[in-house]
Every structure is written in C-alpha cells, then in structure tokens.
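# Observations on chain architecture
Spelled out from the first residue to the last, the chains are:
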Amino acid sequence: MLKFAIVALVTFGLVLLTAFGLHPASATVSNPEFYAWNFASVGSSELVCKKTVIVPQNQILPSSSMQAVSINSAIVDRKFCANSTQPVN
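Scope of this entry: the structure provided in the associated data block.

## Structural notes on the sheet that holds strand β2 (residues 47-60)
Here we have three strands laid out as an open sheet, ordered β1-β2-β3, and antiparallel in their pairing. If you trace the sheet from one side to the other, it starts and ends with β1 (33-39) and β3 (67-76), each paired once. Sheet twist, expressed as the mean angle between neighbouring strand axes with direction ignored, is 35 degrees. Pairing analysis gives nine bridges linking β2 to β3, with the strands arranged antiparallel. The residue bridging Val53 from the neighbouring strand is Asn72, located in β3.

## A word on the state of the cysteines
Going through the model one piece at a time under the given rule, you end up with one disulfide. Disulfide partner of Cys49: Cys81, at an S-S distance of 2.0 Å. Taking the torsion about the S-S bond as the criterion, the Cys49 to Cys81 disulfide, at about 75 degrees, is right-handed. Taken together, the positions of Cys49 in strand β2 and Cys81 in the segment after β3 put the pair 32 residues apart, joining distant regions of the chain. Accessibility classification places Cys49 together with Cys81 in one group, the buried group.

Rules used throughout
Residues numbered from 1 in each chain as written. Predicted model: local features only at pLDDT ≥ 70, side-chain atom pairs only at ≥ 80, totals over all residues. Heavy atoms only, no water. Pairing = 2+ DSSP bridges. Helix = DSSP H or I, 4+ residues; strand = E, 2+ residues; numbered from the N terminus. Axes fitted to C-alpha atoms, helices over the stretch in contact; angles between N-to-C directions. Disulfide = S-S within 2.5 Å. Buried < 20%, exposed > 50% of the residue type's maximum accessible area, 1.4 Å probe, protein only.

Here it is in structure tokens:
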C-alpha cells in the first residue's frame, strides 16, 4: 500500500512539473495547402490535379469575427494527387 502511495505521489509530481514547467512550442503556422482532384474549370468535365493554398489576410470582416482569407488554386502535375482517389465522372 505504501508503494502505491509513493508511485501515485511521484506520478502526480511529474504531471505537475510537466504542466507548469514546460512552455508550449512557439510554432509558426504556414499557409495551408493541399492537393486534390478537381475539374479544370467551371463546366469542364476534364479532371486535373489542383494545388489549393489558403492565405490569411490582415483584415477582419466587419460583419463577422472571422479573419478573411484568400484561396488560390493552380493545376499541377498528376503525381501530387497520386495518393488521392479520383472522383467518378
């Protein structure tokens, strides 16, 4: 019983030390980008691999508390979408 109490106190001490002693990493967030199969343009039936990048803008929308973003996409080589499943036409 005494061993159990000692182990519990040591564990609790380690948890407290970890929670209050370590600071979170100061990581930077890069612009999210992903690759997906999509149609070449509106009304087109040609499937292409597109790279989509989401870039946050330095402005707040007046009617919302959310930050504005810019979404850019470009057609890229098919190898970038090799691990994605193509949609059925």
